[in-house]
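# Understanding the architecture of this molecule
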Amino acid sequence: MGAKGSKPKKSKKEVKPEVKTYKLLLLGTGESGKSAIFKQMKDIYGKKFSEEDLQHYRNVIHENVCEAMQLLCEGVKSLGFEADLQNSAELESFLASDRSSLNSQSTIEGKTVGDLVEVLWKDPAVQKAWLKRSTLQIVETHQIFLDEVKRLKEPSYLPSKEDIVYSRVRSSGVVTEKFEIEGKTFELYDVGGQRNERKKWIHVFDNVHAVIFVNALSEYDQVCFEDGTTNRMQESLTLFKSMAEHDLFKTTGFILFLNKIDILRKKLGPHPINEVSEFSDYTGGDDFDKATQYFIKKFQDVSDAAYPNRKLYIHLMCAADASNVKKVFDDCRTVLMDNAIKSSGSV
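The structure contained in this document is the topic of the report that follows. (Residues numbered from 1 in each chain as written. Predicted model: local features only at pLDDT ≥ 70, side-chain atom pairs only at ≥ 80, totals over all residues. Heavy atoms only, no water.)

## Focus: the side chain of Glu-219
- Relative to the helices and strands, Glu-219 resides in the loop between strand S4 (210-216) and helix H10 (232-244).
- If we skip the residues at most four places from it in the chain, Glu-219 touches Gly-30, Glu-31, Arg-232, Met-233 and Lys-260. (Helix = DSSP H or I, 4+ residues; strand = E, 2+ residues; numbered from the N terminus. Contact = heavy atoms within 4.5 Å.)

As structure tokens, then:
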């Protein structure tokens, strides 16, 4: 009992601690599109690409084109398409030339490597090999570069932002970018997705406010670069399971980016999902909505089995589309900040 006339003390309203920096982790298998999303985020919210960046990516894109054509030329031979080859001299010259740049001189006088790529890309045998690209470990988005090699081989060429996003360098180690949006600081971590890089992930697992797991929906019929046998979608699901079950992420916001929907739309007809042994139970034909729902359920089931009370936020996206990336991330920001406050123990 208090003294007569005394007023009951008012409890102090608990003050929620302010989160100064939101740590976001980009995870996923190799070639899922993580780095493309990272580059888009850097350009939209962070520092713009410098002149030095443009020169670097010019070299990367030239290497991407040459690597893709090398795999196609080797595929023409290994797949037995030489009877359809109309430019055999150009193919042999390409394989014998310095392929570090499209501007390199080929073994054919007066022809650069870029000139040879332009001719070979139109060759019927190379086009047949392209249809078998899933078995040749060719990055599908490099079709854009092959279609535009006339532009890329110009000595004055500098890449556009879209070119940079489509370019491919296998991530190694951990790359970090910090940017501010409406007074809030976000720190984005991109880690290498290849198997030999994943042992490094544990070093960035502490104090994460959100895990953004990236999956390439279009890779349902492709095999992993590392062993040439494991289905890439199955590999992604297995990796997602190990991350979803990780103790450090029990209360962490979990966001799933289902990427490369533009490529998925084009593949469904020519490459039926149910013809892939791992997904023979699929019955949706080439219907885009049924295909996406089929794979969404697989990831949702994994998440629910790991922590049923943790919500999985799922977004379909095309990492090459800057407006799409911005919209998806803007939609996620409120979720990220709410989860950050909850994980601080204040609610």
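Still to come is the rest of the account.
## Side note on the packing of aromatic side chains
- Counted under the stated rule, the structure contains 17 aromatic pairs.
- Judged by centre distance (5.6 Å) and plane angle (20°), the rings of Tyr-45 and Phe-179 are stacked. Of the two residues, Tyr-45 sits in helix H1 (residues 34-45) while Phe-179 sits in strand S2 (residues 174-181), which places them 134 residues apart along the sequence.
- Overall, Tyr-45 belongs to the buried group, its relative accessible area being 14%.
- On the numbers, 5.8 Å between centres and 80° between planes, the contact of Phe-240 with Phe-254 is edge-to-face. Here the residue Phe-240 occupies a position in helix H10, and Phe-254 occupies one in strand S5 (residues 253-259), the gap between them amounting to 14 residues.
- Residue classification places Phe-240 among the buried residues on the basis of a relative accessible area of 0%.
- Among the aromatic residues, those joined into a ring-pair cluster are Tyr-22, Tyr-45, Phe-179, Phe-186 and Phe-329.
- When the ring centre of Tyr-189 is taken as origin, the NZ or CZ atom of Lys-23, which lies over that ring, is 4.9 Å away.
- Sitting over the ring of Phe-254, Arg-310 keeps its end group 4.5 Å from the ring centre. (Phe/Tyr/Trp six-rings, centres within 6.5 Å; stacked < 30°, edge-to-face > 60°. Buried < 20%, exposed > 50% of the residue type's maximum accessible area, 1.4 Å probe, protein only. Lys NZ or Arg CZ within 6 Å of the ring centre and 35° of its normal.)

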